[in-house]
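Chain by chain, the residues run as shown.
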Amino acid sequence: MTSPVPGLAYPDPRTWSKGDVITVPRLRGDMGNLASLMVSGRPMVVAWNTGDQSLVANTPSGLALEEGYLNNWNVQGFISAGVNASTWTVPWTGMYLMTANMFLDTTTSGPENVFVGVGFNVSSNGGSAVSRDGGNVPLIDVSNTPGGTMGADLYQLNSYTADTIQWYGYTNLPAGDNSTGQAWATAEWVALADEGLSDYPGPYGTVVASPPVPAAFPSGQGTYITNSGGIAAGATSVTVHDATGIVTGGTLGLDVINGQYNLPTAEAVNVTGITGTTVSIGATSFSHAQNAPVAVPVSAAFLNTYSTDLINFLAYPPFLRASQSSAQTIPSQTFPNATQITSLNGDFDNFAGLSSSTYTVPVSGTYFVYGQVYWAGSAAAVQLATGISVNGGTIDWGGVVRADTTAGATPFCTAYARTLRLTAGNTIEMFGSQNAGANMATLASTQQKSRLVMVFRSF
Amino acid sequence: MTTPSVPDFIAGYAPQQPDFQSYWTGPSTFFADRIIARVSQQSSTTSIPDSGTATTILFDTVLEDPYSGWDASTHSWVAPAGYSGWYMATLRVAVTGASANTALSLQFSTSYQTYPNLVYQAIPGEGVASVSQYVYLIGGQDGIAGLAAIHNSGSALSTVTTTGLYPAMEVVWIMS
């Protein structure tokens, strides 16, 4: 396997200090590297099962991925037609968002307790591969009717321990009646690793709680003083024509032009604050005339904000995977009445947004949101639902299914998948609803459990 | 405009502000503020026949579309010219009035490919499904639409306009 971008490195931008020389290697290593990563360098795979694969009943069956739409790191031996275990070896360490979709072509009718699900069999940090289901839905009781579902999950994966991903289908339909109609399997590198990996030398991600909005660099020619009558010696603020590139912690050159002192009273002052075009500065030693030139160098503070912080944020944006740690009893209720899913523990929560099963959005923007509730099932006909509530408002529903498993209670997993625009401080809660006429438990085994996944996408 | 290219920091060259605009400010703005479109159907409904035929959801509300890719005539979103690449699409559809043995399936359709039966599940009277899928879109050419099909309901079903249930589709740029 090879990177599609030669020399691509894990983002680890330097912290700039006053006096550092802005060299080409430094710019390439920070900005150029991040751009390479974002444009096309992040490992990503989109693969396709073209159908007619017979699954093993009641056992997660690795999907044979026969068409590689995208495999930009050229992971070898991945696409293997006819082999029910296409395995993708992780080429680069980091956080991966994975999805799977699959539908089965069934032939028989009477699927009174039939389920069709997908999931992920993943070895993480050198451990044994573990199966974790995604969506798992009931079919209708009609012959020759497909059944299909989707799932998503978030993993921290380590290329130094040769971690692997396998996408699986899962059904209790017997062989001969459970051929895949089609399936999709994807994995996307979304962030630097979180913590605690074996052999991986780093870097791990750095949280930037208040990411900057990208800004223009200072103009080469600088700006000029617009205070009427100029500023006096001892002044602690100055108004300039153009504040582009001026940041707190930076430096201004008063009566400096083209890197040269314009007058014997030229001086450098530190920027202590900025509001519009009014800049708070350390007290000047000299007076400076209106229209006097002001040099705006590319300061260490500027680069630390608009290069270092921005790179750190883009390489390590907010993400969450919270899994339910114990079974929860959900009362029977009429949809859309619902119960919050609790006992969610943060497996990965880099911005520490999860508390008491509620995720507080750390940074405004759009987020991919995936939630699933894994139900124990009921022998009675039942409606099962999963939804998301923002700020305690009306629940936004993602999956509402009907199961009629009179042959016996069968577990199902209803899922929610959307991209939401959220504001910092919004609270996210996951809800489940069922109307079996009696309490129903959620499942919390390793393979079958409820979870909430969120990944920041964009401002 | 096009998808940002990797900046070529040239040794021995003294870049000016416009250079840094193309080197970094422009690309980082693009990466931080990705192409996104979010549409929904909140003021009308889509009737989906009981034939199992995938029916385009008639989204009527553009929540955000800064690159003006929404085509109201085809009810699809076209990737902006110059921005070919991989996008993640998400779709949620709810229908009401289903009988006891009805299924709802969702799919995406682009100009060059359909993604059928991404979910296909039994639903109650008020059934909901949602799905995500990565799709490759050619900038300026490729539109993506969200579709739903109803199976075995005995009659056509309509989507709903209720908050929390109305059809919605989102498309966000992932990578070139």
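Residues numbered from 1 in each chain as written. Chains lettered and ligands numbered in written order. Predicted model: local features only at pLDDT ≥ 70, side-chain atom pairs only at ≥ 80, totals over all residues. Heavy atoms only, no water.

(A) Broad picture of the overall build of chain A. Along its length, chain A carries two helices and 31 strands. With the principal axes as the frame, chain A shows a C-alpha extent of 95 × 50 × 35 Å. Here chain A, with 459 residues, has 60% of them falling under the buried criterion. By sequence separation, contacts in chain A at least 24 residues apart represent 76% of the contacts at least 6 residues apart. Counting every atom, chain A has about 15,200 Å² of accessible surface; 48% of that belongs to carbon and sulfur. The positive charge centre, built from 13 side chains, and the negative charge centre, built from 26, are 6 Å apart in chain A. (Helix = DSSP H or I, 4+ residues; strand = E, 2+ residues; numbered from the N terminus. Buried < 20%, exposed > 50% of the residue type's maximum accessible area, 1.4 Å probe, protein only. Contact = heavy atoms within 4.5 Å. Areas by Shrake-Rupley, 256 points an atom, 1.4 Å probe, with all protein chains shown as cover. Lys, Arg positive; Asp, Glu negative; His and termini not counted. Charge placed at Lys NZ, Arg CZ, Asp CG, Glu CD.)

(B) Layout of the domain arrangement of chain A. Split into domains, chain A comes out as domain 1 (222-297) and domain 2 (319-459). Between domain 1 of chain A and domain 2 of chain A, the C-alpha centre-to-centre distance is 55 Å. (Domains from an automatic or database assignment.)

(C) Layout of the interface of chain A and chain B. Contact with chain A, which involves 73 residues of that partner, is made by 62 residues of chain B. When chain A packs against chain B, close to 5,800 Å² is buried across both sides, 62% of that on carbon and sulfur atoms. For D396 of chain A, the salt bridge is made with R92 of chain B, and the minimal N-O distance between the two is 3.0 Å. Counting across the interface, chain A meets chain B through 29 residue pairs in polar contact (both at pLDDT 80 or more). A per-element tally of the side of chain A that touches chain B places helix α1 (residues 24-41) of chain A first, with twelve residues. Classifying every residue of the side of chain A that touches chain B by side-chain character gives 40 nonpolar, 24 polar and nine charged. (Buried area = accessible area lost by both parts, 1.4 Å probe. Salt bridge = Lys/Arg side-chain N within 4 Å of Asp/Glu carboxyl O. Polar contact = N/O pair within 3.5 Å; in protein donor to acceptor, adjacent residues only side chain to side chain. Nonpolar A, V, L, I, M, F, W, Y, C, P; charged D, E, K, R; others polar.)

(D) Spotlight on α1 of chain A. Residue and element names in this part refer to chain A. The end-to-end C-alpha distance of α1, which contains 18 residues, comes to just 21 Å, noticeably less than the 26 Å that a straight helix rising 1.5 Å per residue would cover. G32 marks where α1 bends most, by close to 30°. With 13 of 18 residues buried, α1 lies mostly within the body of the structure. (Expected span 1.5 Å × (residues − 1). Bend = angle between axes of the 7 residues up to and from the residue.)

(E) Quick look at the environment of V269 of chain A. All names here are of chain A. As for its position among the elements, V269 is in strand β16 (residues 267-275). Along the backbone, V269 and G250 are 19 residues apart, and their C-alpha atoms lie at a distance of 8.6 Å. Discounting residues that sit within four places of it in the chain, V269 has contacts with G250, T251, L252, L254, I281, G282 and T284.

(F) Structural view of the packing of α1 of chain A against helix α1 (residues 17-32) of chain B. The N-to-C vectors of α1 of chain A and α1 of chain B enclose an angle of 40°; their axes lie 11 Å apart at closest approach. Comparing the axis directions of α1 of chain A and α1 of chain B gives the class oblique. Seen along the crossing, α1 of chain A lies across α1 of chain B with a hand that is left-handed. Counting all contacts with α1 of chain A, which are made through L27, M31, L34, A35, M38 and V39 of chain A, the residues of α1 of chain B involved are F20, W24 and F31 of chain B. (Axes fitted to C-alpha atoms, helices over the stretch in contact; angles between N-to-C directions. Parallel < 35°, antiparallel > 145°, perpendicular 65-115°, else oblique. Left-handed = near helix turned anticlockwise from the far one by under 90°.)

(G) Examining the side chain of S36 of chain A more closely. Residue position: S36 of chain A is located in helix α1. The buried category is assigned to S36 of chain A, whose relative accessible area is 6%. Ignoring sequence-local partners within four residues, the contact set of S36 of chain A consists of V5, L8 and G41 of chain A together with V6 of chain B.

(H) Region of the structure containing unusual backbone geometry. A cis amide bond links G202 of chain A to the next residue, P203 of chain A, at an omega of 10°. Within the secondary structure, P203 of chain A is located in the loop between β10 (179-191) and β11 (223-224). If you check the backbone angles, H75 of chain B has positive phi at about 55° while not being a glycine.

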